[in-house]
Amino acid sequence: MVQPWLDKAGWKMIYTIAPNGDFTRETLMSHEGVHGVDMTGTWQIQDGYLIETITYMRVRRNAPLPQVSRWKIIHAADREMVVVPDGMTEKDTFRKDTR
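What counts as what
Residues numbered from 1 in each chain as written. Predicted model: local features only at pLDDT ≥ 70, side-chain atom pairs only at ≥ 80, totals over all residues. Heavy atoms only, no water. Helix = DSSP H or I, 4+ residues; strand = E, 2+ residues; numbered from the N terminus. Buried < 20%, exposed > 50% of the residue type's maximum accessible area, 1.4 Å probe, protein only. Contact = heavy atoms within 4.5 Å. Areas by Shrake-Rupley, 256 points an atom, 1.4 Å probe, with all protein chains shown as cover. pLDDT = per-residue confidence, 0-100. Core = buried A, V, L, I, M, F, W, Y, C linked by side-chain atoms within 4.5 Å. Salt bridge = Lys/Arg side-chain N within 4 Å of Asp/Glu carboxyl O. Phe/Tyr/Trp six-rings, centres within 6.5 Å; stacked < 30°, edge-to-face > 60°. Lys NZ or Arg CZ within 6 Å of the ring centre and 35° of its normal.

1. Description of the overall build of the chain
Looking only at helices and strands, one finds 0 helices and 7 strands in the chain. Each helix (α) and strand (β) of the chain, taken in turn from the N terminus, gives the series β-β-β-β-β-β-β. Looking at the chain residue by residue over its 99 residues, the buried ones come to 35%. In the chain, the proportion of contacts linking residues at least 24 apart, taken out of those at least 6 apart, comes to 16%. Only carbon and sulfur atoms are counted for the fraction: they give 51% of the accessible area of the chain, which is about 6500 Å².

Written as structure tokens, this is what we have:
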């Protein structure tokens, strides 16, 4: 799954998700290339929510882990998922990249 470019600086998050829900996330910056794996954890779908449990974060090494986030699933199809983080109104879109 790939999040679209996040800002004008050209950041993109690339998630590689295993069939059991385990994931790694890489940060891609258009001007610097891939920075490598910066987060790992699991994704699961439960009661219409995407539940993300983070078990490793490279940037915030002193953060208490695991961290759990929830996104309400607005739309899910074969190649795209639209979600809204709990307590927020702005939508996030994840797109499947089969390259």
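2. A closer look at the confidence of the model for the chain
Confidence in the prediction of the chain, expressed as mean pLDDT, is 84, and 82% of residues score 70 or more. Mean pLDDT across the secondary structure elements of the chain bottoms out at strand β1 (residues 11-17), with 82, and peaks at strand β5 (residues 67-76), with 96.

3. Side note on the nonpolar core
With 14 residues, the main nonpolar core has Tyr15, Trp43, Leu50, Met81, Val83 and Phe94 as its most contacted residues. For this core, the secondary structure elements donating two or more residues are β1, β3 (33-46), β4 (49-57), β5 and β6 (80-85). It is β4 that provides the largest number of residues to this core, a total of 3 residues.

4. Focus on the pattern of salt bridges
By the definition in use, this model includes 3 salt bridges. A salt bridge links Arg95 to Glu80; its shortest N-O distance comes to 3.1 Å. One end of the pair, Arg95, is in strand β7 (residues 92-95); the other, Glu80, is in strand β6, and 15 residues separate them in sequence. For Glu80, a relative accessible area of 25% gives the class partly exposed.

5. Re unusual backbone geometry
Residues Leu65 and Pro66 are joined by a peptide bond in cis, for which omega reads 0°. Summarising the element assignment, Pro66 is placed in the loop between β4 and β5. We note that Asp47 has phi near 50°; this positive angle belongs to a residue other than glycine.

6. Here's the deal with the packing of aromatic side chains
Counting across every chain of the model gives 6 aromatic pairs. Relative to Phe94, the ring of Tyr15 lies with its centre 5.6 Å away and its plane at 75°, an arrangement referred to as edge-to-face. Of this pair, Tyr15 sits in strand β1 while Phe94 is found in strand β7, placing the two residues 79 residues apart along the sequence. Under the relative-accessibility criterion, Tyr15 is labelled buried at 6%. For the ring pair Trp71 and Phe94, a centre distance of 6.2 Å and an interplane angle of 70° mean the geometry is edge-to-face. Of the two residues, Trp71 sits in strand β5 while Phe94 sits in strand β7, which places them 23 residues apart along the sequence. The class for Phe94 is buried, based on a relative accessible area of 1%. By way of ring pairs, the aromatic residues Tyr15, Phe23, Trp43, Trp71 and Phe94 are connected into one cluster. Lying over the aromatic face of Tyr49, Arg70 brings its terminal NZ or CZ to 3.8 Å of the ring centre.

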